[in-house]
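Here are the chains, one letter per residue:
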Amino acid sequence: MFLRFIFLVLLSSSVLASSHSFEDFLNNLHQLATEQGVSKATVDRAFYQLTPNLDILESDRSQAEFSQNFWNYLGKRVSQYRLDNGYDTLKQNRSLLNKTYQQYGVPAHVLVSFLGLESNYGNNTGSYSLVRSLATLAYDPRRSVFFTSELIALLKLIDDGKVPLEATGSWAGAMGAVQFMPSNVIAYGVDADNDGKIDLWNNQADILASAANFLEHLGWNRGEKWGREVTISEDFNYEFVGLKTKKQLDEWQTLGIRSANRSNLPESSMAASLILPMGYKGPAFLVYQNFRSILGWNHSTLYALAVGHLADRLSGGGSLLATPIDEPLLKRDDVMAIQQTLSLLGYDAGEADGIAGPKTRAAAKDFQKDIGMVADGYVGYELFQRLQ
Ligand code: CA
């Protein structure tokens, strides 16, 4: 209740202040956009006969019932179909991909992997009117401030002739093969063929340069991998798991980490973190700076691992060597129950929101240690059963 109050107070300083109807809201927004330099003619055209799209609010409010696990997520995203389309995309754009690599340092298979995960290589870019989607989400009080600024960014792009008024995208306002939000197009979009437009739908030069430019800004290191699959020794100390701990490859070797095929790690002082997306049962990955750049694009460990693995497969690498685990998926309610039970037992699992974030994993780790389970902090089926 209190948070909601604060939210409403914050909103009162934004365009929603006195607006009740969508029409009032658009009138206020019209003023705000023109104050920020968008021409009146463009706003008039964009808002002409505009109505909210209630389907979008429904999509925004419904959350997936099940939480994903690594194998389930990877199986859906790195399918044979996705691989085949990826090989074709690489082949069709070879010279452009080489040119983009020379300029930005992001290799072809990595760029193509992003396109694969974001839009199936530009084939699923979304069919919602971007103006209408963003206006609807900006009108909804829950994240009005964010979507209002994205809508104004879109209007600026339209006003500058970089994006067409009738452009379509995802229901959440992301556009093109790279699924950039409008503010990302302004910050990182590249008009690589110099035709005045940033065409993220059909122009491969603009698409690849924009993706590579974004990754370069996110700290992508030319010539480095994103990470590698590894194996851990049986007596491994799970205190070292997680992105917070960075060690050189030499140190990981001393701690018992080996390549996935059990050979020694390369001799290197490169810094890496160890992540176990499904706990001690595997798989395990050592990840480098470029993995963190992928997380800057989308802050989901499963997403970043899928981008990295798809990229490896597209450059000729094989399947993961770890054995897939067929573990029942937890419902979000189950994760909430885990969080509530851990907190009741005195382990602070944070807000019971059904998402196993760092705080929940830390609480799980302490609980596992105290009752003699392997303390890997993995919030999965085994932990769920023990807490029941
Ligand atoms: Ca262009």
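About the cut-offs
Residues numbered from 1 in each chain as written. Predicted model: local features only at pLDDT ≥ 70, side-chain atom pairs only at ≥ 80, totals over all residues. Heavy atoms only, no water. Helix = DSSP H or I, 4+ residues; strand = E, 2+ residues; numbered from the N terminus. Rg over C-alpha atoms; globule rule 2.2 N^0.38 Å. Buried < 20%, exposed > 50% of the residue type's maximum accessible area, 1.4 Å probe, protein only. Lys, Arg positive; Asp, Glu negative; His and termini not counted. Charge placed at Lys NZ, Arg CZ, Asp CG, Glu CD. Phe/Tyr/Trp six-rings, centres within 6.5 Å; stacked < 30°, edge-to-face > 60°. Lys NZ or Arg CZ within 6 Å of the ring centre and 35° of its normal. Axes fitted to C-alpha atoms, helices over the stretch in contact; angles between N-to-C directions. Left-handed = near helix turned anticlockwise from the far one by under 90°. Contact = heavy atoms within 4.5 Å. Nonpolar A, V, L, I, M, F, W, Y, C, P; charged D, E, K, R; others polar. Polar contact = N/O pair within 3.5 Å; in protein donor to acceptor, adjacent residues only side chain to side chain. Donors = N, O, S within 2.8 Å, 3.2 Å for Na, K, Ca; no water. Tetrahedral: all angles 85-135°; square planar, octahedral: opposite > 155°, others 65-115°. Expected span 1.5 Å × (residues − 1). Domains from an automatic or database assignment. Pairing = 2+ DSSP bridges. Salt bridge = Lys/Arg side-chain N within 4 Å of Asp/Glu carboxyl O.

As a further point, take the overall build of the protein chain. Tallying secondary structure elements over the protein chain gives 18 helices and seven strands in all. For a compact globule of 388 residues, the expected C-alpha radius of gyration is about 21 Å, and the protein chain comes in at 23 Å, within 12% of that figure. Within the span of the protein chain, comprising 388 residues, buried residues form 49% of the whole. Here the protein chain contributes 34 positive and 42 negative side-chain charges, whose respective centroids are spaced 3 Å apart.

This brings us to the packing of aromatic side chains. Under the definition given, this model contains 18 aromatic pairs. Taking the centre distance of 5.2 Å and the plane angle of 50° together, the rings of Phe25 and Tyr139 count as tilted. Here Tyr139 lies in helix α9 (residues 130-139) and Phe25 lies in helix α2 (residues 22-35), a separation of 114 residues in the sequence. Every member of this aromatic cluster is reached through a ring pair, and the members are Phe114, Phe180, Tyr188, Phe214, Trp297 and Tyr303. The ring of Tyr73 has Arg77 sitting right over it, with the charged end atom 3.6 Å from the ring centre. Across from the ring centre of Tyr101, 5.5 Å away, lies the NZ or CZ of Arg222, which sits over that ring.

So, on to the packing of helix α12 (residues 204-217) against helix α14 (residues 289-297). Running from N to C, α12 and α14 point in directions that differ by 115°, and their axes come no closer than 9 Å. Considering how the two elements wind past one another, α12 and α14 form a crossing that is right-handed. Taking contact as the criterion, the partners of Ala211, Phe214 and Leu215 in α12 are, on α14, Ser293, Gly296 and Trp297. A class-by-class count of the residues in the contact of α12 with α14 yields four nonpolar, two polar and no charged.

Before going further, it helps to examine the environment of Gln253. As for its placement among the helices and strands, Gln253 is situated in helix α13 (residues 249-254). For the pair Gln253 and Asn53, spaced 200 residues apart in sequence, the C-alpha separation works out to 55 Å. Excluding its chain neighbours within four sequence positions, the residues that come into contact with Gln253 are Arg258, Asn264 and Leu265. One polar contact links Gln253 to Asn264, side chain to side chain, over a distance of 2.9 Å.

So, about the coordination of the calcium ion. For a metal bound by four donors in tetrahedral geometry, the ideal donor-metal-donor angle is 109.5 degrees, whereas six donors in octahedral geometry ideally sit at 90 or 180 degrees. Those donors, Asp191 (OD), Asp193 (OD), Asp195 (OD), Lys197 (O), Asp206 (OD) and Asp206 (OD), are the protein atoms that reach the calcium ion, and they lie 2.2 to 2.9 Å from it. Taken together, the six donor atoms coordinating the calcium ion span angles of 48 to 163° at the metal, a pattern that classifies the geometry as irregular. Within one chain, the residues donating to the calcium ion are spaced in sequence as D-x1-D-x1-D-x1-K-x8-D. Of this pair, Asp195 sits in the loop between α11 (182-188) and α12 while Asp206 sits in helix α12, placing them eleven residues apart in sequence. The exposure class assigned to Asp195 is partly exposed, which follows from its relative accessible area of 40%. Accessibility expressed as a relative area gives 0% for Asp206, which makes it buried.

Phi is mostly negative for residues that are not glycine, and the peptide bonds are mostly trans. Cis geometry marks the peptide bond from Gly282 to Pro283; its omega dihedral reads 0°. Mapped onto the elements of the fold, Pro283 is located in the loop between β6 (271-275) and β7 (284-287). Although it is not a glycine, Gln49 adopts a positive phi angle of roughly 55°. If you trace the backbone, Gln49 turns up in the loop between α3 (40-47) and α4 (54-61).

Here we take up helix α8 (residues 108-119). Compared with the 16 Å implied by 1.5 Å per residue over twelve residues, the 17 Å span of α8 between its first and last C-alpha is a close match. Counting buried residues in α8 gives eleven out of twelve residues, a clear majority hidden from the surface. Restricting attention to buried positions, one finds in α8 the residues Ala108, Val110, Leu111, Val112, Ser113, Phe114, Leu115, Gly116, Leu117, Glu118 and Ser119. Where α8 is buried, its residues contact α5 (70-77), α6 (80-92), α7 (94-104), α12, α14 and α15 (301-314). Of the residues trailing α8, Asn120 is marked for its positive phi of about 50°.

This part covers the domain arrangement of the protein chain. The extent of an interface is frequently quoted as the accessible surface area lost upon association of the parts. As far as domains go, the protein chain holds domain 1 (22-60 + 125-217) and domain 2 (332-387). Computed from C-alpha coordinates alone, the two centres of domain 1 and domain 2 are separated by 40 Å.

Pairing within the open sheet is antiparallel, and its five strands lie in the order β4-β6-β7-β3-β5. Strands at the two margins of the open sheet, each flanked by one partner only, are β4 (242-248) and β5 (258-259). Of the strands in this sheet, β4, β6 and β7 touch α14, which is tilted by about 160° from β4.

This paragraph deals with α14. Inspection of α14 places Asn290, Phe291, Ser293, Ile294, Leu295 and Trp297 among the buried residues, and these make up the whole buried set. Looking at the buried residues of α14, the elements they touch are α8, α12, β4, β6, β7 and α15.

The subject of this paragraph is the pattern of salt bridges. Applying the stated criterion across every chain yields a total of eight salt bridges. The shortest N-O distance in the salt bridge between Asp60 and Arg143 comes to 2.5 Å. Of this pair, Asp60 sits in helix α4 while Arg143 sits in the loop between α9 and α10 (144-159), and the two are 83 residues apart along the sequence. On the accessibility criterion, Asp60 (15% relative accessible area) is buried. With a closest N to O distance of 3.2 Å, Arg61 and Asp140 form a salt bridge. With a gap of 79 residues between them, Arg61 in helix α4 and Asp140 in the loop between α9 and α10 connect regions that are remote in the sequence. For Asp140, a relative accessible area of 6% translates into the label buried. Here the salt bridges do not stand alone but share partners, grouping Asp60, Arg61, Asp140, Arg142 and Arg143 into one network.

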